[in-house]
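Observations on chain architecture
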Amino acid sequence: MNNSPIIAIVGPTASGKTRRAVALAEAMDGEIVSGDSRQVYRGMTIGTGKDLDEYGNVPYHLIDIADAGDKYNLHRYLKDANAAIAGIRSRGRQPIVCGGTGLYVESLLNGLKLPDVPENKELRESLQGKSLEELTGILASMKQLHNVTDVDTEKRAIRAIEIQSYYQEHPEKAVNTVPSPLEAVVIGVDIDREKRRQRITARLKQRLDEGMVDEIRGLIDSGVSPDDLIYYGLEYKFITEHVIGRLTFDEMFSQLEIAIHQFAKRQMTWFRGMERRGYTIHWLSAELTDSDFTREAQKIISNNAD
């Protein structure tokens, strides 16, 4: 059994997190637990940037575990991630959490426990037809919003309101969500904003060249509803709207590029917020080679163990 601290590799989209996590896992006999809210879905490969070939022989968890169209959530993530970590430790190996979904990563490291919140059809029906702005306002009146990463579509906002309403109606359930933080070392991939913008644009073009539009068209042809894909946001939102004729290709590209830049900015806002909430994030430059990054990361991990 390996009871060493969890290592978390975080950073914005296009910063090269996965490659760094894999290099570190190879050096430390580790296994990777994804901290990405969309890589859980099967068939959503190019658009979520799974880059599975980067893992080589390093085992990974929480990728391709749910059907496209499903509504995977934080409750399920915490249950699955904790089970994966327990399994990795039972094999005497090092758990390495890697991902850019700040809510998932921070909640996991916090040791947060969540009750299973059932669907409230009556509430959902009452919220149908409201704009995203109206829904976000309702949610903001119920709880403090650190950012709006997880309320970027109407369906996500409605689900967030549904969860918060459940806690208000069942305060005894909320009492059981008091976190018990896990011991962890958090390492951030620090990338210059302009370099990040360049990488985002280049990667978007590459993914479109690799067939991202055909991937999404194939999901729709297989029976996944366009509304379900739009729910996932970013690539799936804008490319679906292109596929069903709401946006031209050029409109889709322009709007999606802007949305990804905004998303990366929100990710960094979340990680800065984690620091304000008491987490130490050891930032290492994205310009480091994989070997240098691994060496510096191991120094940080060793110093934290002393």
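Below you will find a few notes about this structure. (Residues numbered from 1 in each chain as written. Predicted model: local features only at pLDDT ≥ 70, side-chain atom pairs only at ≥ 80, totals over all residues. Heavy atoms only, no water.)

Together, Asp51, Asp53, Glu54, Asp209 and Glu210 line one region of the surface with negative charge. With respect to the helices and strands, Asp209 occurs in helix 8 (residues 193–209). (Patch = residues over 30% accessible without salt bridge, like charges linked within 9 Å, V, L, I, M, F, W, Y side chains within 5 Å. Areas by Shrake-Rupley, 256 points an atom, 1.4 Å probe, with all protein chains shown as cover. Salt bridge = Lys/Arg side-chain N within 4 Å of Asp/Glu carboxyl O. Lys, Arg positive; Asp, Glu negative; His and termini not counted. Charge placed at Lys NZ, Arg CZ, Asp CG, Glu CD. Helix = DSSP H or I, 4+ residues; strand = E, 2+ residues; numbered from the N terminus.)

Time to look at unusual backbone geometry. A positive phi is found at Ala14, a non-glycine position, where the angle reads about 75°. Within the element layout of this structure, Ala14 appears in the loop between strand 1 (6–10) and helix 1 (17–28). Among the residues examined, Ala14 registers a relative accessible area of 10% and is labelled buried. Not every positive phi belongs to a glycine, and Leu234 is a case in point at roughly 45°. Along the polypeptide, Leu234 turns up in helix 11 (residues 234–243). (Buried < 20%, exposed > 50% of the residue type's maximum accessible area, 1.4 Å probe, protein only.)

All right, on to the sheet that holds strand 2 (residues 30–34) then. Pairing is parallel across the open sheet formed by six strands, whose spatial order is 4-2-6-1-7-8. In this open sheet, the two edge strands, each paired with only one partner strand, are strand 4 (60–61) and strand 8 (281–285). Here strand 7 (residues 184–190) runs beside strand 8; their pairing, made up of five bridges, is parallel. Note on strand 8: the bridge partner recorded for Ile187 is His282. In the packing of helix 12 (residues 249–276) onto the sheet, the strands contacted are strand 1 and strand 8, and the crossing angle to strand 8 comes to about 135°. (Pairing = 2+ DSSP bridges. Contact = heavy atoms within 4.5 Å. Axes fitted to C-alpha atoms, helices over the stretch in contact; angles between N-to-C directions.)

Tracing the sequence through the fold places Thr240 in helix 11. Classification of Thr240 by relative accessible area gives buried; the value is 0%. Leave out the neighbours within four places in its chain, and Thr240 touches Ile216, Ile220, Pro226, Leu229, Ile230 and Glu235.

Turning our eyes to something else, we now look at the packing of helix 2 (residues 74–90) against helix 3 (residues 102–109). At a minimum axis distance of 10 Å, the contact between helix 2 and helix 3 shows a crossing angle of 55°. In terms of orientation, helix 2 and helix 3 fall into the oblique class. The interaxial crossing formed by helix 2 with helix 3 has right-handed handedness. Each of Leu74, Tyr77, Leu78, Ala81, Asn82 and Ile85 in helix 2 lies in contact with helix 3, whose residues at this interface are Leu103, Tyr104, Ser107 and Leu108. Looking at side-chain class alone, the contact of helix 2 with helix 3 contains eight nonpolar, two polar and no charged residues. (Parallel < 35°, antiparallel > 145°, perpendicular 65-115°, else oblique. Left-handed = near helix turned anticlockwise from the far one by under 90°. Nonpolar A, V, L, I, M, F, W, Y, C, P; charged D, E, K, R; others polar.)

Right, let's talk about the packing of aromatic side chains for a bit. In this structure the tally under the stated criterion is five aromatic pairs. Summarising the aromatic geometry, the rings of Tyr41 and Tyr232 are spaced 4.5 Å apart at their centres and angled 45° between planes, so their arrangement reads as tilted. With Tyr41 in strand 3 (residues 41–42) and Tyr232 in the loop between helix 10 (226–231) and helix 11, this residue pair connects regions lying 191 residues apart in the sequence. Classification of Tyr41 as buried rests on a relative accessible area of 1%. Residue classification places Tyr232 among the buried positions, given a relative accessible area of 2%. Summarising the aromatic geometry, the rings of Tyr55 and Tyr60 are spaced 4.7 Å apart at their centres and angled 45° between planes, so their arrangement reads as tilted. Its relative accessible area of 3% is what places Tyr55 among the buried residues. Residue Tyr60 is classed as partly exposed on the basis of its relative accessible area of 33%. Every member of this aromatic cluster is reached through a ring pair, and the members are Tyr41, Tyr231 and Tyr232. The ring of Trp283 has Arg272 lying over it, and the distance from NZ or CZ to the ring centre is 4.8 Å. (Phe/Tyr/Trp six-rings, centres within 6.5 Å; stacked < 30°, edge-to-face > 60°. Lys NZ or Arg CZ within 6 Å of the ring centre and 35° of its normal.)

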